[in-house]
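# Structural overview
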Amino acid sequence: MSWEAVIGLEVHVQLSTQSKAFSASATRFGQRPNSQTDPTVLGLPGALPVFNRDALEKAVCLGLATGCTIRRVSRFARKHYFYPDLPKGYQISQYDEPLCEHGAIEFFLDGEPHKVRLTRIHLEEDAGKNVHTGSVSLVDLNRAGIPLCEVVSEPDIRNAEEAAEYMRALHRLVRTLDICAGNMEQGHLRCDANVSIRPTGASELGTRTELKNINSFRFVQRAIDHEIARQIRIVEGGGQVVQETRLWDADAGASASMRSKEEAEDYRYFPDPDLPPLVVADELVDRIRGELPELPVQRSQRFAALGLGLDDACTLVAEPALADYFDAAVTAHGDGAAAKTIANWMLGELQSQLNRDDSTIAACKVTPAQLADLVKLIDGGTISGKIAKKVFIDMFASGDDADAIIERKGLKQISDPGAIEAVVAEVLAANRGQVADYRGGKTGLLGFFVGQVMKKTRGQANPKLVNEILRKLLAE
Amino acid sequence: MADLSELVSLSAAEAARKIAVRELSATELCKAYLERIFEVDPHLGAYLTVTPDRVIKRATDIDIALDRGETLGPLAGVPIGLKDIFVTHGVVTTAGSKILEHWTPPYDGTAVERMNNAGAIALGKLNMDEFAMGSSNENSAFKPCRNPWDTTRVAGGSSGGSAAAVAAGLCAVALGTDTGGSIRQPAAMCGCVGIKPTYGRVSRYGVIAFASSLDQVGPLTRTVEDAALVLESLCGFDPLDSTSVNRPVPRYRDVLDKGVAGLTIGLPKEYFVDGTDPEVRAAVDAAVEVLRGAGADVTEVSLPHTEHALAAYYIIAPAEASSNLARYDGVRYGLRVPEGSGDASLLDMYRRTRGAGFGTEVKRRIMLGTYALRSGYYDAYYRKAQQVRALIKRDFDNAFERVDVILSPTSPTPAFTLGDKTDDPMAMYLADVFTLSCNLAGLPGMSVPCGRTSAGLPIGLQLLGKPLDEATLLQVAACYEREAAWPRAIAEVV
């Protein structure tokens, strides 16, 4: 029998606000433990929550970008459980009246458009972190109270690859909207997956398990693949899947049971009496809708229409600053036909230089216009692609124009057929044996002659002309 | 120097006037109060913490500033007491519970800050029922607070320490909190004025939460004028409390002389039924006649859903309390009873800490509230109780279309004997039957002394008002106080 998986994801998106969801405490990462706190974050007796309007605007922005209905009146609810990283003994969340409902996340997979429906997006506060050191456990509440959007999908996903691509699409979206810093290592997007299997084509749902702690695109794929295989093994072995919560252990590449349905906690949700209903004015929704940037799906499609592969388009769009750079470079160049070359330069040379320096596009000295000029110089035959790479490294380091570097270093391409023919003649004269072999049928030696000519011209000869002239003279 | 008992008998307004004109020094007044506390309080148990060094330091600072000619706040130099539910920077704050026995807060709440800014001097922290859960102060984890007029009797609760201290001259005024009657009922039993403003009128920031949608801060005083004076400094919008009301605060003292002519007072028939002590009933009837004589119209009104108030209250308040008290887990502050060893050690620590830290009544309410909120029962209990609450609110809205103020007894009985009701929670809950509807509806409510029983126990007259209309309550109360002219004296105790 063949099986199909039914997968729904709950992704926690950390909103990049200056202060916490319900107090003025700062939210800086990597600070001394418990330094990003105040009486409200610490859950001190008497402290009260006041909701951060910036978190609301960011959540509304995500809701609108995913086509959700925005509730004009939603409610905060308390979700109760005891854990040392949860200072109040409850998390402020939203329950039966979430801010956003009925949207969708769209993306491309293998060139095909996909759409995963969203049940809801609600606001809540993050918990702190427990740090276990030997026999002692320590609590750091710097993360506690940071605003989160929990994005809950419908069970529309059918395999692990789709799930991972959904995560990437959501990541691109929140980066484009500039509502989340999108740093996966710092847990800005954290995913729980509900997974079940059923015979292919069946309409009934199987018993689901919830996978927790899958916090990278790669782990999403691996954990879900692993869980689907585990469930198939159980069912094919005559067993039954148990409804439970399982914790993914990335190091072991396996999951382990955390708690069963029977042990599931009763969160005793009720409306938080410290917080009035969250009222969203039409004016706010209209303003945010008017300020929405071009969304990743539209942007990738626009880039693809310029001749880029969808994967490359998505890669650029994933980092809005990179996509903006690309747009600026294409505009500066003036010819849309150069878009693919520009993208190749950005994803090749530019990206590798940035990676080498552990830098970002924002700090790059080469302006989009300078990159466009470099591409023009290649297209115009002023320099070869190979020389251009050297020029680019210089540009990246100095910020100088390609022209100036080419001039300074005398890198201009030799495109005078007479000059090239003289060098070719010289090379052929110096390698009589190879010439004889070539004429005897070893045409593979052409590359050898090209190399020799390039060497003599320090790579500045126009490669197209070199080839033509070599063929002509060798044929004589 | 004036006689000690004369000094502590001054009202806050009188004391503030004398201090402002340098007829009296803040230090002199504070020393008189401290001396009386050390003499009298061992017989009462009104204070949990007294901070003499801080008091003298602050009084000295105020005297120096006044001598220099600086203008300070309207309560400059007035010694006040704070129910131990108010978070005070650097001064232990317990909420009457073992679980916070040694907790020293790192911040001041808004009400405390406003009192400080007004120039008041906090003498210390006052006894209360644990987490404000109780009507007799017998649920304090540390000691009961006795009634200064008869120390075999309770002071009322939960702000028992506040009421007893004001009545016995152990502070000029006190701050309390009222969730179901916790200011008005002890004020009635101790013969003080007590007012619970409209929900949201006073910030709850820095007030240890019992039931967030019902809790409200207010003063207990010896005169209506003092209540008006304190309210002017206490009320007003606070951006740190999301339920705070952003509306201007009137100068309440301006309404005190206006009288009651032209006002209509409503007597809810559901509050004038059998079960009220005959002496209480007689005193309230007499008070109605006093007000009628002063020109008020008096008419009967109906609050038909009154009989459901107690049930709704004992769903909503425990539900919110069970949630608010979840933070006392031994992890960050307060009591921690060390965990055992093994896998279950964290759970053990929670169980032992909360088992040892909370008293019987608090545990009872946590269990009631946890039960009411559990999955699948929310609609039947909490939601239903909120619906009842809406009906109770509507009853009041309807009544207030015809009347300006609603009048009733504050408590069905005068102060009862210590231990009388401790084994019968239902009997104890019924002590709040006239007061808790006001909290459910979020309205302002007040208790004013209206005479004594033959045994000399104080009786309280309750006035309920329209939302944000504290002024009319104070206006009626001041008129009654003037017309009835009951002798004003502090309880001697010893």
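Residues numbered from 1 in each chain as written. Chains lettered and ligands numbered in written order. Predicted model: local features only at pLDDT ≥ 70, side-chain atom pairs only at ≥ 80, totals over all residues.

Of the regular secondary structure elements, chain A holds 16 helices and 16 strands. Its C-alpha atoms give chain A a radius of gyration of 29 Å, clearly above 23 Å, the size a compact globule of 476 residues would have. Residues classed as buried in chain A amount to 42% of the 476 residues present. Of all intrachain contacts in chain A linking residues separated by at least 6 positions in sequence, the fraction that spans at least 24 positions is 69%. (Helix = DSSP H or I, 4+ residues; strand = E, 2+ residues; numbered from the N terminus. Rg over C-alpha atoms; globule rule 2.2 N^0.38 Å. Buried ≥ 20, exposed ≤ 12 C-beta atoms within 10 Å, placed from the backbone. Contact = placed C-beta atoms within 7 Å.)

For the rest of this paragraph, the subject is the overall build of chain B. When you go through chain B residue by residue, the secondary structure sums to 16 helices and 13 strands. In terms of principal-axis extent, the alpha carbons of chain B reach across some 65 × 55 × 45 Å. In chain B, 77% of the contacts between residues at least 6 apart in sequence involve partners at least 24 apart.

Moving on: the packing of helix H3 (residues 160-177) of chain A against helix H4 (residues 217-236) of chain A. All names here are of chain A. Running from amino to carboxyl end, H3 crosses H4 at an angle of 155 degrees, the nearest separation of the two axes being 8 Å. The orientation of H3 relative to H4 falls into the category roughly antiparallel. For the crossing formed where H3 meets H4, the hand is right-handed. In this structure, H3 contributes Ala-160, Glu-161, Ala-163, Ala-164, Met-167 and Arg-168 to the contact, and H4 contributes Phe-217, Val-220, Gln-221, Ile-224, Asp-225 and Ile-228. When the residues that make up the contact of H3 with H4 are grouped by side-chain class, the tally is eight nonpolar, one polar and three charged. (Axes fitted to C-alpha atoms, helices over the stretch in contact; angles between N-to-C directions. Parallel < 35°, antiparallel > 145°, perpendicular 65-115°, else oblique. Left-handed = near helix turned anticlockwise from the far one by under 90°. Nonpolar A, V, L, I, M, F, W, Y, C, P; charged D, E, K, R; others polar.)

On to the sheet that holds strand S11 (residues 189-199) of chain A. Residues and elements named next belong to chain A. Within the open sheet, the nine strands sit side by side as S2-S6-S7-S10-S1-S11-S12-S13-S14. Their pairing is mixed. Strands at the two margins of the open sheet, each flanked by one partner only, are strand S2 (69-70) and strand S14 (254-260). In terms of strand pairing, strand S1 (residues 3-14) meets S11 through eleven bridges, oriented antiparallel. Directly across from Val-11, in S11, lies its bridge partner Cys-191. Along the sheet, H4 contacts S1, S11, strand S12 (209-214), strand S13 (244-249) and S14; its crossing angle with S11, the most-contacted strand, is approximately 25 degrees. (Pairing = 2+ DSSP bridges.)

All names here are of chain B. An order of S1-S3-S2-S6-S8-S7-S12-S13-S11-S9-S10 is seen for the eleven strands of this open sheet, with the pairing classed as mixed. Each edge of the sheet is formed by a strand with only one pairing partner; in this case those strands are strand S1 (47-50) and strand S10 (297-301). On average, each strand axis in the sheet is inclined to that of its neighbour by 30 degrees, with strand direction left out of account. Where strand S2 (residues 79-83) lies against strand S6 (residues 173-178), three bridges are found, and the strand directions are parallel.

Our next topic: the domain arrangement of chain A. Residue and element names in this part refer to chain A. Domain assignment breaks chain A into domain 1 (3-287), domain 2 (294-409) and domain 3 (417-475). At the junction of the two partners, domain 1 supplies 13 residues and domain 2 supplies ten residues. Looking at the side of domain 1 that touches domain 2, the elements with two or more residues in it are strand S6 (100-109) and H3. When the residues that make up the side of domain 1 that touches domain 2 are grouped by side-chain class, the tally is five nonpolar, three polar and five charged. (Domains from an automatic or database assignment.)

Moving on: the nonpolar core. Grouped together as the largest cluster of nonpolar side chains are 222 residues, with contacts concentrated most on Ala163(A), Ala193(A), Ile80(B), Ile121(B) and Ala477(B). Counting residues per element, this core draws most heavily on H3(A), which supplies ten residues. If we skip the residues at most four places from it in the chain, Ala477(B) touches Val193(B), Val224(B), Met446(B), Val448(B) and Leu463(B). Counting residues in hydrophobic clusters, the runner-up holds 37 residues, among them Cys314(A), Ala323(A), Val391(A) and Ala402(A). (Core = buried A, V, L, I, M, F, W, Y, C linked by C-beta atoms within 7 Å.)

A few words now on the pairing of strand S8 (residues 216-221) of chain B. All names here are of chain B. Judged by how many residues are buried, S8 sits mostly within the fold: six of six residues are covered. Burial along S8 is two-sided: the residues Gln-216, Gly-218 and Leu-220 and Val-217, Pro-219 and Thr-221 are all buried. Sheet analysis places S6 next to S8, joined by five bridges and oriented antiparallel. Bridge pairing in S8 places Leu-175 opposite Pro-219. In the sheet, strand S7 (residues 193-196) pairs with S8 via two bridges, with the strands oriented antiparallel. The partner of Val-193 across the bridge, within S8, is Thr-221.

Residues and elements named next belong to chain B. Within the secondary structure layout, Phe-86 lies in the loop between S2 and helix H5 (110-117). Separated by 118 residues in sequence, Phe-86 and Arg-204 place their C-alpha atoms 9.2 Å apart. In contact with Phe-86, other than residues within four places in its own chain, are Gly-109, Ala-111, Val-112, Leu-175, Gly-206 and Val-207.

Glancing now at the environment of Tyr90(A). Considering the arrangement of structural elements, one finds Tyr90(A) in strand S5 (residues 90-93). Given 23 C-beta atoms within 10 Å, Tyr90(A) falls into the buried group. For the pair Tyr90(A) and Ala369(A), spaced 279 residues apart in the sequence, the C-alpha separation amounts to 53 Å. Those residues within four positions of Tyr90(A) in sequence are excluded, and the remaining contacts are Arg78(A), Lys79(A), His80(A), Ser323(B) and Ala326(B).

Now for unusual backbone geometry. Residues and elements named next belong to chain B. Residue Ser-158 is bonded to the preceding Gly-157 through a cis peptide linkage, with omega at 5 degrees. Looking at the element boundaries, Ser-158 is found in the loop between strand S5 (150-154) and helix H6 (160-167). Unlike most non-glycine residues, Ala-95 shows phi in positive territory, near 55 degrees. If you trace the backbone, Ala-95 turns up in the loop between S2 and H5.

Before going further, it helps to spend a moment on the confidence of the model for chain B. Per-residue pLDDT for chain B has a mean of 95; in total, 98% of the residues score no lower than 70. Overall fold confidence for the complex sits at a pTM of 0.88, while the interface term, ipTM, reaches 0.95. (pLDDT = per-residue confidence, 0-100.)

This part covers the pairing of strand S7 (residues 112-125) of chain A. A regular strand carries its side chains on alternate faces of the sheet. All names here are of chain A. Looking at chain direction, S6 and S7 are connected through nine bridges and run antiparallel. Bridge pairing in S7 links Cys-100 to Ile-121. Where S6 hands over to S7, the hairpin turn is made up of two residues, of which Asp-110 adopts a positive phi near 50 degrees. Bridge count for S7 against strand S10 (residues 147-153) is seven bridges, and the pairing is antiparallel. Residue pairing for S10: Glu-124 is matched across the bridge by Leu-148.

The next point concerns helix H3 (residues 26-44) of chain B. Residue and element names in this part refer to chain B. For H3, with 19 residues, the first-to-last C-alpha span of 25 Å sits near the 27 Å given by 1.5 Å per residue. Of all the bends found along H3, the most pronounced is centred on Phe-38 and spans about 40 degrees, while Pro-42, a proline, follows it within four residues. Among all positions of H3, only Ala-26, Thr-27, Leu-29, Cys-30, Ala-32, Tyr-33, Leu-34, Arg-36, Ile-37, Val-40, Asp-41 and Leu-44 are buried. Gly-45, located one to two residues past H3, shows a positive phi value of around 80 degrees. (Expected span 1.5 Å × (residues − 1). Bend = angle between axes of the 7 residues up to and from the residue.)

Residue and element names in this part refer to chain B. With respect to the helices and strands, the residue Ser-447 is situated in strand S12 (residues 445-452). Looking at Ser-447, the number of C-beta atoms within 10 Å reads 36, which means it is buried. In the structure, Ser-447 is positioned 263 residues away from Arg-184 in sequence and 5.1 Å away in space, judged by C-alpha atoms. Here Ser-447 is in contact with Arg-184, Ala-187, Ala-188, Gly-194, Thr-410, Gly-460, Leu-461 and Gln-462, once residues within four sequence places are set aside.

How two helices pack is summed up by the angle between their axes together with the distance between the axes. All names here are of chain A. In the contact formed by helix H13 (residues 417-430) and helix H15 (residues 446-456), the axes pass within 10 Å of each other and the chain directions differ by 120 degrees. The pairing of H13 with H15 is recorded here as oblique in orientation. In the packing of H13 onto H15, the handedness of the crossing is right-handed. Along the contact surface, H13 presents Val-423, Val-424 and Val-427, while H15 presents Phe-449, Gln-452, Val-453 and Lys-456. A class-by-class count of the residues in the contact of H13 with H15 yields five nonpolar, one polar and one charged.

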